[in-house]
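# Structural description and commentary
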Amino acid sequence: MLTLGPAYGQQLHGELLDRAAHRRAINVGQIYATLDRLLTSGHVERAGETDDGLPLYALTAAGLVEAEGWMAGFDELEADWIEMLDRVLIASSIDGAGVGLIDRYAELWTMSAAGGVQASGSARFADAAATELAGAALRWLDGIRPAAASGDLAHGLREDRPRRGRRPASA
């Protein structure tokens, strides 16, 4: 979400829940811990504060490259349902992102589905489940592709203020 501009932790929490609605168990503390790690790694920097003193964070040049690569799927993708939902829904909510990632996931799940059921015993049922999951993933990707391509899912950062946010240590 920081590819859209500076934001504060509680705002990023709201954005994550809005853009990846399947993720209802994210604690806002996880957002702040992630921001702290990203500050340490040089992917995020402080970008001032809101009028009421909440610290804003922005991507560094290195952070922007990493974020854009993640949304495009340039790293190693895995046939993991939740990871796919996270990445495709978030990338599709960022203007101009998502379709390439959808195509990369479709290739990955097509290879998973092509494996078919080969094993015997209980492994046969695990293989059958994996094939069914691959088919479901491909159907879901086909369903979301038109909305991502048209930009229907894309929007900027929300301006509405959440009720809470981490206050600076000096406050």
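Described below are features of the structure shown in this document. (Residues numbered from 1 in each chain as written. Predicted model: local features only at pLDDT ≥ 70, side-chain atom pairs only at ≥ 80, totals over all residues. Heavy atoms only, no water.)

## Concerning the nonpolar core
Threshold: Residue types Ala, Val, Leu, Ile, Met, Phe, Trp, Tyr and Cys, when buried and joined through side-chain atoms within 4.5 Å, form a set referred to as a nonpolar core. Relative accessible area decides the class of each residue, using a 1.4 Å probe on protein chains only: under 20% of the type maximum gives buried, over 50% gives exposed, and in between gives partly exposed. Going along the chain from the N terminus, every DSSP run of H or I of four or more residues is numbered as a helix, and every run of E of two or more is numbered as a strand.
Judged by nonpolar contacts, the single largest core of 19 residues is most densely connected at M84, V88, L101, I102, Y105, W109 and L141. Sorting the residues of this core by element identifies α4 (81-93), α5 (99-114) and α6 (122-150) as the ones contributing at least two each. Of all hydrophobic cores here, the second largest spans 15 residues; its members include L16, A20, I31 and Y32.

## Side note on the pattern of salt bridges
Where we set the bar: One speaks of a salt bridge when a side-chain nitrogen belonging to Lys or Arg is within 4 Å of a carboxyl oxygen belonging to Asp or Glu.
Tallied over the entire structure, the rule returns 7 salt bridges. A salt bridge links D18 to R158, with the shortest nitrogen-to-oxygen separation between them at 2.9 Å. Of the two residues, D18 is situated in helix α1 (residues 9-19) and R158 in the segment after α6; the sequence distance between them amounts to 140 residues. Given the relative accessible area of 36%, D18 is considered partly exposed. In this structure R158 comes out as partly exposed when scored by relative accessible area, which is 36%. With its nearest N and O atoms 2.7 Å apart, the salt bridge here joins D86 to R23. Here R23 lies in the loop between α1 and α2 (28-41) and D86 lies in helix α4, a separation of 63 residues in the sequence. The class for R23 is partly exposed, based on a relative accessible area of 27%. A single network of salt bridges, built from pairs that share partners, joins D75, E83 and R87.

## Topic: the pairing of strand β1 (residues 44-49)
The criterion, for reference: A pair of strands is labelled paired if DSSP reports no fewer than 2 bridges between them.
As paired elements, β1 and strand β2 (residues 55-59) share 4 bridges and run antiparallel to each other. Bridge assignment links E45 to a residue of β2, and that residue is A58. In sequence, β1 turns back onto β2 through a hairpin of 5 residues, with G53 there showing a positive phi of about 95°.

## Some points on α6
Three- or four-residue spacings in an α-helix give side chains the same orientation, since the helix completes a turn every 3.6 residues. Threshold: Here the expected length of a helix is defined as 1.5 Å per residue gap, with one fewer gap than residues. By definition, residues are in contact when any of their heavy atoms lie within 4.5 Å.
Spanning 29 residues, α6 covers 43 Å between terminal C-alpha atoms, matching the ideal 42 Å at 1.5 Å per step. Elements that come into contact with the buried residues of α6 comprise α4 and α5. Directly after α6, the chain includes G151, whose backbone phi takes a positive value near 85°.

## Digging into the packing of α1 against α2
Two measures define how a pair of helices packs: the angle their axes make with one another and the distance between the axes. Our working rule: Think of each axis as a best-fit line through the C-alpha atoms, taken over the contacting stretch in the case of a helix, with angles from 0 to 180 degrees between the N-to-C directions. Left-handed describes a crossing whose near helix is turned anticlockwise from the far helix by less than a right angle; the clockwise case is right-handed. Throughout this entry, Asp, Glu, Lys and Arg are counted as charged residues, while Ala, Val, Leu, Ile, Met, Phe, Trp, Tyr, Cys and Pro are counted as nonpolar. The remaining residues, Gly among them, count as polar.
At their nearest, the axes of α1 and α2 sit 9 Å apart, and the two run at 115° to each other. As for the relative orientation of α1 and α2, their crossing is right-handed in sense. Residues G9, Q10, L12, H13 and L16 of α1 pack against V28, I31, Y32 and L35 of α2. When grouped by side-chain class, the residues that make up the contact of α1 with α2 number 6 nonpolar, 3 polar and no charged.

## Re the packing of helix α3 (residues 61-72) against α5
Stated precisely, the cut-off is as follows: Angles below 35 degrees are treated as roughly parallel, those above 145 as roughly antiparallel, those between 65 and 115 as roughly perpendicular, and all remaining angles as oblique.
Interhelical geometry of α3 versus α5 gives an angle of 50° and a closest axis separation of 7 Å. In terms of orientation, α3 and α5 fall into the oblique class. Together, W70, M71 and A72 of α3 and G100, L101 and R104 of α5 make up the contact between the two elements.

## What to know about the environment of L85
Tracing the backbone through its elements, the reader meets L85 in helix α4. When its relative accessible area of 10% is taken as the criterion, L85 is described as buried. Taking C-alpha positions, L85 is 7.4 Å from A20, a pair spaced 65 residues apart along the chain. If we ignore the near neighbours within four places in the chain, the residues touching L85 are H22, I90 and W140.

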